[in-house]
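# Structural overview for review
Spelled out from the first residue to the last, the chains are:
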Amino acid sequence: MKIRDITSPRLRHSVAEAGSGAPLLLLHGFTGAKEDFVDFLDGFADRGWHVVAPDHRGHGASDAPAEEAAYSLDTMATDAFALADELGWHRFDLLGHSMGGMVAQVMALQAPERVGSLVLMDTSHGTVQGIDPELAALAVDVVRGEGVERLMVLSAELDTRKPSPADARVRAERPGYVEFGERKMRACSPAMYAAMVTEMLGVHDRLDALRGLDRRTLVVVGEQDEAFVGPSGRLAEAIPGATLEVVGDAGHSPQFENPDRWWKVVRRFLEHGRSDVDHTDQRVDA
């Protein structure tokens, strides 16, 4: 696995990359980073993938325009296609987590011919539920006026986090995990934060459009991810032929909270869509 910059006509993308085989793009969520997937990049590469996980604009080490108007799901979808173009990928498999899953839906609807297999992970088809709109508006005001660092301090003082049991377990047991989350948050652009919170709380619902999507699709969600279990079920019902996988003992980030199960489920689904893989043993527990 290596970290490098790839510059498209739109953006300087910081990416984590491994392998040289079938193209696979992994899109992280809101206030996340490419490092959300690095535990698995070499595993994908060993199984024949050329896997790339970029930082979205305004996240991590990618470019971060200063204007809120520079951020939207559509913009991030166009960024991802531009990155794929720079990689020489016309068609690729696509996994999106949370906000990244919303970006992946936009991509699949805009250019389905470019998407092979699609994995939608702990995400929603419309407005994100379970968020107090007054607290969200306060967060946006704080970020606009005082920056991300002040928001982190205020959030800690107000104790606004409501971790799932699985998240709390990983935070307690995995060395450096809490600090990892803090580093990702500090790397976020205030303009990105304000713009994307605003959009995700008022976004147009994609569910009807997704009923016509003709792509192999896996919808995967942690069983404790209360805000996204319902939307994940609706996504799996709406997309023709989609499979729903609920990962036990996991919340919003099953790749960290139940990594063995997440890896088996996602790897099995993606490999089953490839013509160069032997499918004689495709059990989930294989």
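Just above, that's the structure.
All values derive from a computational prediction rather than experimental measurement.

### Examining unusual backbone geometry
For Ser98, which is not glycine, the phi torsion reads 60 degrees and is therefore positive. Within the element layout of this structure, Ser98 appears in the loop between β5 (92-97) and α3 (99-110). Residue Ser98 is classed as buried on the basis of its relative accessible area, which comes to 9%.

### Some thoughts on the environment of Arg161
The topology assignment puts Arg161 in the loop between α5 (148-158) and α6 (165-173). Sequence spacing of Arg161 and Val229 is 68 residues, and the spatial spacing of their C-alpha atoms is 18 Å. The residues touching Arg161, leaving out its near neighbours within four places in the chain, are Asp167 and Arg171.

### A word on a nonpolar patch on the surface
A surface patch of nonpolar side chains, about 240 Å² in accessible area, is lined by Leu135, Leu138 and Leu158. For Leu135, the location among the structural elements is in helix α4 (residues 133-146).

### Section: the pattern of salt bridges
Throughout the structure, instances matching the rule amount to 18 salt bridges. Ionic pairing is found between Glu35 and Lys34, a salt bridge with its closest N-O pair at 3.3 Å. Under the relative-accessibility criterion, Lys34 is labelled buried at 3%. The network of salt bridges with common partners includes Asp5, Arg12 and Asp63.

Criteria and cut-off values
- Residues numbered from 1 in each chain as written.
- Predicted model: local features only at pLDDT ≥ 70, side-chain atom pairs only at ≥ 80, totals over all residues.
- Heavy atoms only, no water.
- Helix = DSSP H or I, 4+ residues; strand = E, 2+ residues; numbered from the N terminus.
- Buried < 20%, exposed > 50% of the residue type's maximum accessible area, 1.4 Å probe, protein only.
- Contact = heavy atoms within 4.5 Å.
- Patch = residues over 30% accessible without salt bridge, like charges linked within 9 Å, V, L, I, M, F, W, Y side chains within 5 Å.
- Areas by Shrake-Rupley, 256 points an atom, 1.4 Å probe, with all protein chains shown as cover.
- Salt bridge = Lys/Arg side-chain N within 4 Å of Asp/Glu carboxyl O.

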